[in-house]
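# Structural characterization, general
These are the residues of each chain, in order.
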Amino acid sequence: MNWIKTYHRKILLLWWKTRIYSHWLGNQLPVTLQNLPEVPEFFSRAIFLADNSEGLFLSPNPLSIPQKYWPLSNEPYSRGLHGYRWVTLNTFSASNAKLNYKLQGNILKWIELWEHWHSFVWRSDLLGERIGYWLSLHQAICMNASPNFRKKFYVCLFRQAKHLHHAHLEDTNSWHCFLAHWGRIYSAFAFTAFNKKRKRTIKYFELDIQKHVLPDGGHISRSPSIALALLAILVNVRDLLICFQQTLPEALVAGIDRLAPFVKALRHGDGGFALFGGSIEGNSDLIDEVLKASKTNPRAITNARYTGFSRLRAGQTTAIFDSGILSEPHYRNTSSASALAFELSNGKSRLVCNCGNRTAKKTTIWNKALFASAAYSTITLADKSVSSIFHVIHNRNDYKGSRFVEATHDAYYREFGVNITRTLYLSSDGHDFRGEDKVTGDSNAPFVIRFHIHPDVRIFQLERKTRAILKPLNGHTWQFDCLLPFTIEKSVYFGSGHLRRTLMLAVNGCLTKNETLIKWKFSTQASPKI
């Protein structure tokens, strides 16, 4: 069946390139155009966060870049340019005629270059995003515009919407397919010509919600920032349907109700996200806005067993643990490497972290480094990253306010013949956080346990290299103890998407026959035993 789909896809591509197809799309003005509710500011910021790309559009402003220099590659910057996501970073008003004129000139030039079908620029996710922003902002865009601009703008908008409703979504495994759904739904309610397509459009939207949102509310990518972006899209569609007095689909309501608690669970005390699945910290105010707009008033889920995360919270201490469940193959390079990694914070101070993701233009070197297991606070064997996990065991037990979680994975079994188990314990007062890494199997492979320390924390090593003092800028001073000697090594932190130099605690050794056990502890007070 796959070859039939591939053949059909090739036929469609040839058809879309023809002048006959372009003529079929037409050049008629839409008969009527319904006014849609304005897209809230948090919407585009959440999309930017999921793509780690907002900073790329602040300087230079895309209005100052000729379209012929706009890149045509599947990078966040290129997608954001052609999706016109960046227009939300500008303020259009009657008093700012110069800015409005610049945008109108920009759109006219875009129409001149890409009015007809293009394999990248007319890709369904870019079409959906561009249509959504143009429709939601069409009154601001056409403010004080000439009749010639208005005609070309609305004709081009209608042509793109017509193609989007007849084209198949290119990649429904990626979260970007929801941008295509967003554009379809917006155009189905904006243009009366597509009113009859509303039911089918919402049906396909529901199917992808069920595919992407797991029962515990996590997204199949296991990324908190992608979950936030998806929540923002679902909330926006829900508000649109309410505005048009439509019955809300069950999958849409259930998706919002599930996503909100998961998004809240992956936050630290400072309000930002834990650095898993290619995410960066994000803006706490943005996350608050999206959660508030969801109107769910969620409680953070403590055990997201389908997505593979546990949240341990006691006192002012929060630990977020990745139990190692694999995500969809489409996202494997960003999520499986963090198996058994954790992050630790106390109050608003982050202590142990992962390396994060880079928002600048991606390079092969940084991609390889930041998506490797060494970029996470976990154990690795022979410096090899976790890529394929075939079996996972995950147990959690909370008793009288204390938290206990244990997870085992077999990622290294095929190569080294061993399984790895990490056990975490958090005391009821939040002052004692203990861990145990156990490797069972017959191997003498070298291992490294890394604890990446947040750059705002100072480290002082003591007593035969088995103890260190961690001093954050605010809050308690913490102590790290380990039964094995450890070293302090250089590390990097991309929590905000930009490079910050930091340090890490590294426990190095070689496995022993049958079983290797390494115990360690973070605490706010000295303790003679681990």
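Residues numbered from 1 in each chain as written. Predicted model: local features only at pLDDT ≥ 70, side-chain atom pairs only at ≥ 80, totals over all residues. Heavy atoms only, no water.

### Remarks on the packing of helix H8 (residues 147–166) against helix H9 (residues 177–190)
Applied cut-off: Note on definitions: angles span 0 to 180 degrees between N-to-C directions of axes, and those axes are lines fitted to C-alpha atoms, for helices only across the stretch in contact. Helix numbering and strand numbering both begin at the N terminus, where a helix is a DSSP run of H or I of at least 4 residues and a strand a DSSP run of E of at least 2. By convention the crossing between two helices is left-handed if the near helix lies anticlockwise of the far one by an angle smaller than a right angle, and right-handed if it lies clockwise. In this description, contact between two residues means that some pair of their heavy atoms is separated by no more than 4.5 Å. Residue polarity is assigned by list, with Asp, Glu, Lys and Arg as charged and Ala, Val, Leu, Ile, Met, Phe, Trp, Tyr, Cys and Pro as nonpolar; anything else, Gly included, falls into the polar class.
Relative orientation of the contacting elements H8 and H9 amounts to 120°, with a least axis distance of 10 Å. Handedness of the crossing formed by H8 with H9: left-handed. Counted together, Ala161, Leu164 and His165 of H8 and Ala180, Gly183, Arg184, Ser187 and Ala188 of H9 form the full contact between these two elements. Partitioned by chemical class, the residues of the contact of H8 with H9 number 4 nonpolar, 3 polar and 1 charged.

### Here we look at unusual backbone geometry
Positive phi values are uncommon outside glycine, yet Arg222 reaches one of about 65°. In this fold, Arg222 is placed in the loop between helix H10 (198–212) and helix H11 (224–243). Notably, Leu340 is not glycine yet its phi reads approximately 70°, a positive angle. Topologically, Leu340 is positioned in the loop between helix H14 (332–335) and strand E4 (342–346).

### What to know about the packing of aromatic side chains
As a reminder of what qualifies: For this analysis, a ring pair means two rings from Phe, Tyr or Trp (six-membered ring only for Trp) whose centres lie within 6.5 Å, classed as stacked if their planes differ by under 30 degrees, edge-to-face if by over 60, and tilted for the remaining angles. Note on exposure labels: buried denotes an accessible area under 20% of the residue type's maximum, exposed denotes more than 50%, and partly exposed covers the range between, all computed with a 1.4 Å probe on protein chains only. Note on geometry: a ring has a charge over it if NZ (lysine) or CZ (arginine) is within 6 Å of the ring centre and within 35 degrees of the ring normal.
A complete count under the given rule lists 36 aromatic pairs for this structure. With a centroid separation of 6.3 Å and 75° between ring planes, the pair formed by Phe43 and Tyr133 is classed as edge-to-face. Separated by 90 residues along the polypeptide, Phe43 in helix H3 (residues 41–51) and Tyr133 in helix H6 (residues 124–136) bring together distant segments of the chain. Here Tyr133 falls in the buried class, since its relative accessible area comes to 1%. Ring pairs connect the aromatic residues Trp70, Tyr84, Trp86, Trp110, Trp114, Trp134, Phe149, Phe153 and Tyr154, which therefore count as one cluster. Positioned over the ring face of Phe48 is Arg85, at 5.5 Å from the centre of the ring.

### Quick look at the pairing of strand E16 (residues 500–510)
As a reminder of what qualifies: Between any two strands, pairing holds if DSSP finds at least two bridges.
Here 7 bridges tie strand E11 (residues 446–453) to E16, and the two strands are oriented antiparallel to one another. The residue of E16 that forms the bridge with Ile449 is Val507. When strand E15 (residues 487–493) meets E16, the two strands line up antiparallel, connected through 7 bridges. Each bridged residue has a counterpart across the sheet, and for Glu489 the counterpart in E16 is Met504. Count of turn residues in the E15/E16 antiparallel hairpin: 6 residues, of which Gly497 carries a positive phi of about 95°.

### Structural notes on the packing of H6 against H9
Relative orientation and spacing of two packed helices are given, respectively, by the angle between their axes and the distance between those axes. Keep this limit in mind: To sort the angles, those under 35 degrees are grouped as roughly parallel, those over 145 as roughly antiparallel, those from 65 to 115 as roughly perpendicular, and the leftovers as oblique.
Packing of H6 against H9 brings their axes to within 7 Å, and their N-to-C directions diverge by 45°. By the criterion of interaxial angle, the relationship of H6 to H9 is oblique. At the point where H6 passes H9, the crossing takes the left-handed sense. Here H6 contributes Ser124, Asp125, Gly128, Glu129, Ile131, Gly132, Tyr133, Leu135 and Ser136 to the contact with H9, which in turn contributes Leu179, Ala180, Trp182, Gly183, Tyr186, Ser187 and Ala190. The class makeup of the residues in the contact of H6 with H9 is 8 nonpolar, 6 polar and 2 charged.

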